[in-house]
Structures are given as structure tokens and as C-alpha cells.
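So the chains spell out like this:
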Amino acid sequence: HEVYKKTVPATNLQESSYLLKDTSSCNKLFRREFLIKNKITFPEQTFFEDVPFVSRAYLLSDKITIIPKIIYAYRGRKSSETASVTQVVTPVKLHQCSLMFAMAIEHYEKEAEPETTYELKKHALNKLCMQLKKITNPPDPDSAAVSAVHDLLQKCSPTTIIDFENTHALPLLMIKYGYFQHASA
């Protein structure tokens, strides 16, 4: 990613909201004292646990340093007959993705600048679209997964959804207003 190709000795989320496009914790180092002081922990027994952890750490950090050094290499299996657990999208994962992003957005709505919250919402919409494209078995319209997706979309204004990406705006708006079955057809 272009962001990580040059050293940035000291930035913060207000100066570099693009950091919200990367909510993975694997390529980051945190000071233990900072995490303890701010009570930043991973939610347990869920997928997408990085989202609230990293987004909260970004929000509370006075200084973030970016170094152009690979400290972690993630390899995905593109042409494997058996996908890894992180590559398969199920209704449970869709539910957990929506819950974790909703949790992060709630923190931002209380503590962050509106522009920064808007960037997090765009990232959440992007991840949600990726999950909806990959889901193996669409969830039942009355399921917790659909309810969580709906709740996440309620945190995004129609303008945010339309600004996000016009090709996905209509299906996302349909889900937001209760038409999941029609949107996923």
C-alpha cells in the first residue's frame, strides 16, 4: 500500500484519516502502557476483533509513526480448494463484522471529529460490501445478521451511502430501509 512506502515520524488520526482504511492489528505495534492506560482490549470470541481495537487506538493516539518496513506478511490462498476460515463469509461473520464496525462507529460519534467519523463509516461500508459479495449462504431476512447489517447502515446517512460508491448505493439503501431480500437478489 502506498501509505506504508515512506516514513512518517509523527502523525495522528486528524492529520491522516486514511489510516482508518487499515484496521488490521497484525501490522502494528502498540506500547503496552498506552493500551493499559486507555483500557484498549480486543473483544473476545468474535471475528473482526481488530476493528474496535485498532480504531480505538487510533482515536486515542497522540502520535502514530509509520515505517516502510515489512514486519508481518499475510498470505491468502487464492486458488485453493479449501478456503481458510478467514476467507469464507457466513451469516455469523456478516453479523460480527456489522457489530464490530457499529461498536467502533459509536466510539467515533462520541469522541472524534465528524470528518474522521465519516472516513470510518466509508471503511465500514467498504468492508460490508466485501462481505456481502463473498457470502456463501445469504442469511435469513429475520436473522441476527440481517438485523446487525441494518443497524450498521442506520448509523450511515443516505448521503454517506451514496457518496461511498454509487454502484453499491442502491442495494445498501434497500437494506437500510428493510428490503434485504430484494437487495441481495
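Predicted, not measured: the structure shown is a model, and the values here were computed from it.

As for the overall build of the protein chain
Broken down by element type, the protein chain carries eight helices and two strands. Ordered by position from the N terminus, the helices and strands of the protein chain form the series β-α-α-β-α-α-α-α-α-α. The proportion of buried residues among the 185 residues of the protein chain is 42%.

Notes on the side chain of T160
Considering the arrangement of structural elements, one finds T160 in helix α6 (residues 158-164). Within the local environment of T160, its side chain forms a polar contact with the side chain of S157, the two groups lying 2.9 Å apart. Apart from residues lying up to four places away in sequence, T160 is in contact with Y118, K121 and L125.

Here we look at the packing of aromatic side chains
Tallied over the full model, the rule gives two aromatic pairs. Centroid distance F30 to F53: 5.2 Å. Interplanar angle 90 degrees. Geometry classified as edge-to-face. Taken together, the residues span a long stretch of sequence, with F30 in the loop between β1 (8-11) and α1 (32-37) and F53 in helix α2 (residues 50-60) at a distance of 23 residues. Each ring, one from F42 and one from F53, has its centre 3.8 Å from the other, and the planes form 5 degrees; the classification is stacked. Of this pair, F42 sits in the loop between α1 and α2 while F53 sits in helix α2, placing them 11 residues apart in sequence. Relative accessible area serves as the criterion here: at 35%, F42 is assigned to the partly exposed category. For F53, a relative accessible area of 5% translates into the label buried. Grouped by ring-pair contacts, the aromatic residues F30, F42 and F53 constitute a single cluster. Here the basic side chain of K93 rests over the ring of F47, its NZ or CZ set 4.5 Å away from the ring centre.

Focus on the packing of α2 against helix α3 (residues 91-111)
Interaxial distance between α2 and α3 falls to 8 Å at its minimum, and their mutual angle equals 15 degrees. Considering their axes alone, α2 and α3 lie roughly parallel with respect to each other. The hand of the α2/α3 crossing is right-handed. Residues V51, P52, S55, R56, Y58, L59 and L60 of α2 touch α3, and the partners they reach there are M100, F101, M103, A104, H107, Y108 and E111. Counted by class, the contact of α2 with α3 contains 10 nonpolar, two polar and two charged residues.

Observations concerning helix α4 (residues 114-134)
With 21 residues, α4 ought to run about 30 Å at 1.5 Å a step, and its terminal C-alpha atoms sit 30 Å apart, in line with that. Those residues of α4 that fall on the buried side of the exposure criterion are T116, T117, E119, L120, K121, H123, A124, L125, L128, C129 and Q131.

Focus: the nonpolar core
Formed by 45 residues in total, the largest nonpolar core has its most connected members in Y58, Y108, L153, I161 and L172. Sorting the residues of this core by element identifies α1, α2, β2 (64-66), α3, α4, α5 (144-154), α6 and α7 (166-176) as the ones contributing at least two each. For L172, the residues in contact, after removing those within four places along its chain, are L125, L128, C129, L132, L153, I161 and F164.

Overview of the pattern of salt bridges
A full pass over the atoms with the stated rule returns five salt bridges. Close ionic contact of E106 with K155 constitutes a salt bridge, the shortest N to O distance being 3.3 Å. Within this pair, whereas E106 is found in helix α3, its partner K155 is found in the loop between α5 and α6, the two being separated by 49 residues in sequence. Note that K121 is salt-bridged to E109, the shortest N-O span being 3.3 Å. Taken as a pair, K121 in helix α4 and E109 in helix α3 lie far apart in primary sequence, 12 residues in all. For K121, a relative accessible area of 13% corresponds to the buried category.

Reading the values: rules and limits
- Residues numbered from 1 in each chain as written.
- Predicted model: local features only at pLDDT ≥ 70, side-chain atom pairs only at ≥ 80, totals over all residues.
- Heavy atoms only, no water.
- Helix = DSSP H or I, 4+ residues; strand = E, 2+ residues; numbered from the N terminus.
- Buried < 20%, exposed > 50% of the residue type's maximum accessible area, 1.4 Å probe, protein only.
- Polar contact = N/O pair within 3.5 Å; in protein donor to acceptor, adjacent residues only side chain to side chain.
- Contact = heavy atoms within 4.5 Å.
- Phe/Tyr/Trp six-rings, centres within 6.5 Å; stacked < 30°, edge-to-face > 60°.
- Lys NZ or Arg CZ within 6 Å of the ring centre and 35° of its normal.
- Axes fitted to C-alpha atoms, helices over the stretch in contact; angles between N-to-C directions.
- Parallel < 35°, antiparallel > 145°, perpendicular 65-115°, else oblique.
- Left-handed = near helix turned anticlockwise from the far one by under 90°.
- Nonpolar A, V, L, I, M, F, W, Y, C, P; charged D, E, K, R; others polar.
- Expected span 1.5 Å × (residues − 1).
- Core = buried A, V, L, I, M, F, W, Y, C linked by side-chain atoms within 4.5 Å.
- Salt bridge = Lys/Arg side-chain N within 4 Å of Asp/Glu carboxyl O.

None of this, on its own, says anything about what the molecule does.
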